[in-house]
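Architecture at a glance
Read off the chains here:
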Amino acid sequence: MPPKLMVSGLLPLLLLWLVSPAPLRAFHLSGYAQGTTYAITYYAPDSTVTKEQVTRQLTEIDASLSLYQPGSLINQFNQSRRGVVADRHLKVVSGAALQVYQATGGLFDTTVEPLVQAWGFGTQPAPPAAPAPATIRVLLARVGSDKLHLRGDSLVKDVPGVHLDLNGIAQGYTVDVLATLLERHRIRNYLVELGGEIRVRGRKWPGGERWRIGIERPDTSAFEAPALQQIICLAAGAVTTSGNYRKFRQVGALKNAHLINPKTGYPFQNEMISATVVARDALTADAYDNALMGMGLTRALLFLRQHSELQAYLIYQRPDGTAADTATPGFQRLLLNP
């Protein structure tokens, strides 16, 4: 009997040891991709995701979506007369772009590539001057996502000159793909950042704190580098920002932002300085931060009231040139010190 009692007493401890999860450790991966840097932090018992796996995933995305890589699938599409058979990356991103195009009444449009090139923000050397009005009218005939369709596995165009520029949302999509890579390996606590676009899940360890994300906030001038930060706490989701205070071209006395209005062919000229969006995934957030920039403040706030799945922080320029900000109620609830 005593030996039996001894074994019986040890059995719960043995079972507890067998089922207890291994302690989580922090792993950090970083590098260069898509003309910028990336950083991944995840917590797991061991290094189940390596930098080599991340690099392979990034290389695969570039082979599909990068305008800077000769022979990429998107470049094949742009050079074709009718279109291409789309891989999963091009299919997902172009499909999402078409949905946002519809949701924003055509304000978000990834077929602006000819105009992006003409204004000096594309892959080609920047022209010495702004494009002439006649040039813009010609290019506008090639712009419009209504000329673009997904048919089965093919991405087809109705007008041979239609070109795609997915750079505005490719980074958000890439963040989502890297997050999916982590989740396939049963990693549930992570932060993925690429070029300032972020997606998180879970908490930091060992303390169990929610992820804290700093949001740039210009201090006094709409086109000076941001000086302050808002800080939000997020348990799951994505945060992306679009702004015109860094990427613009000076043409005479006018500063032209890199976001082009697909309806007029000219850079957007409104009071918006930046739009930060919180959404379920980075692809969605990345698409809508660009769209909100183009809407202007009043229309952007109305759009956000109609789309509760999006939370946003908007910075804009007052008539006197100083910066002001506003946020949706859902975003305000995420602030560390509201």
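For the structure, see preceding data.
Now for a look at the structure at hand. (Residues numbered from 1 in each chain as written. Predicted model: local features only at pLDDT ≥ 70, side-chain atom pairs only at ≥ 80, totals over all residues. Heavy atoms only, no water.)

What follows deals with the sheet that holds strand S2 (residues 36-44). Taken together, eight strands build an open sheet; the order of strands is S1-S2-S6-S7-S10-S13-S14-S15 and the sheet is antiparallel. Single-partner strands in this sheet number two, and they are strand S1 (25-33) and strand S15 (323-327). Strand-to-strand twist across the sheet, computed as the mean angle between neighbouring axes with direction ignored, equals 10°. When S1 meets S2, the two strands line up antiparallel, connected through nine bridges. In the strand pairing of S2, Ser 30 is matched with Ala 39. Sheet contacts for helix H8 (residues 282-295): strand S7 (197-201), strand S10 (236-243), strand S13 (272-279) and strand S14 (311-317); angle to S13, the most-contacted strand, approximately 155°. (Pairing = 2+ DSSP bridges. Helix = DSSP H or I, 4+ residues; strand = E, 2+ residues; numbered from the N terminus. Axes fitted to C-alpha atoms, helices over the stretch in contact; angles between N-to-C directions. Contact = heavy atoms within 4.5 Å.)

Overall, antiparallel pairing links the three strands, which are arranged S3-S5-S4 in an open sheet. The open sheet has two edge strands, strand S3 (83-85) and strand S4 (148-151), and neither has a second partner. Taken pair by pair, the neighbouring strands of this sheet meet at an average axis angle of 15°, ignoring direction.

Going through the model one piece at a time under the given rule, you end up with five salt bridges. One salt bridge in this structure joins Lys 147 and Asp 146, with 3.9 Å as the shortest N-O distance. Residue Lys 147 is classed as buried on the basis of its relative accessible area, which comes to 17%. A residue is classified by how much of its surface remains accessible, and Asp 146, at 46% relative accessible area, is partly exposed. Linking Asp 176 and Arg 199 is a salt bridge whose minimum nitrogen-to-oxygen distance equals 2.8 Å. Taken together, the residues Asp 176 in helix H7 (residues 167-184) and Arg 199 in strand S7 connect sequence positions 23 residues apart. For the pair Asp 176 and Arg 199, one class covers both residues: buried. (Salt bridge = Lys/Arg side-chain N within 4 Å of Asp/Glu carboxyl O. Buried < 20%, exposed > 50% of the residue type's maximum accessible area, 1.4 Å probe, protein only.)

With that out of the way, let us pick up the nonpolar core. One finds Leu 65, Leu 90, Leu 164, Leu 166, Ile 169, Leu 292 and Leu 314 to be the most contacted residues of the largest nonpolar core, which totals 47 residues. The set of elements that each furnish at least two residues to this core consists of helix H2 (51-65), helix H3 (73-79), helix H4 (88-103), H7, S13, H8, helix H9 (297-306) and S14. In terms of residues, this core owes the most to one element, H8, which gives eight residues. In this view, Leu 164 contacts Leu 67, Ile 74, Phe 77, Asn 78, Leu 90, Thr 110, Thr 111, Glu 113, Leu 148 and Leu 155; residues no more than four positions away in its chain are not counted. Leu 29, Tyr 42, Ala 44 and Val 192 belong to the second-largest nonpolar core, a separate cluster that totals 21 residues. (Core = buried A, V, L, I, M, F, W, Y, C linked by side-chain atoms within 4.5 Å.)

This part is about the layout of surface pockets. One water molecule sets the probe size; rolling that probe over the atoms shows where empty space is left. There is about 1500 Å³ of room inside the largest pocket. Those elements that place two or more of their residues in the lining of the largest pocket are H2, H7, S7, strand S8 (211-217), S10 and H8. Residue classes in the lining of the largest pocket are distributed as 20 nonpolar, 19 polar and nine charged. (1 Å grid on protein atoms, 1.4 Å probe; cavity = no way out; pocket = protein on both sides within 12 Å on 5 of 7 lines; lining within 4 Å. Points joined across faces, edges and corners; volume = space filled by probe spheres on them. Nonpolar A, V, L, I, M, F, W, Y, C, P; charged D, E, K, R; others polar.)

This part is about H9. For H9, every residue scored as buried is listed here: Leu 297, Ala 300, Phe 303 and Leu 304. Summarising the axial view, the buried residues of H9 lie within an arc of 125°, below the 170-degree limit, and thus occupy one face. Turned more than 90 degrees away from the buried face of H9 sit Thr 298, Arg 305 and Gln 306, all of them exposed. On its buried side, H9 packs onto H4, S13, H8, S14 and S15. (Arc of directions from axis to C-beta.)

For Asp 176, a relative accessible area of 10% puts it in the buried group. For the pair Asp 176 and Leu 283, spaced 107 residues apart in sequence, the C-alpha separation works out to 6.9 Å. The residues contacting Asp 176, other than those within four sequence positions of it, are Arg 199, Asp 281, Ala 282 and Leu 283.

Read these as geometric descriptors, not functional statements.
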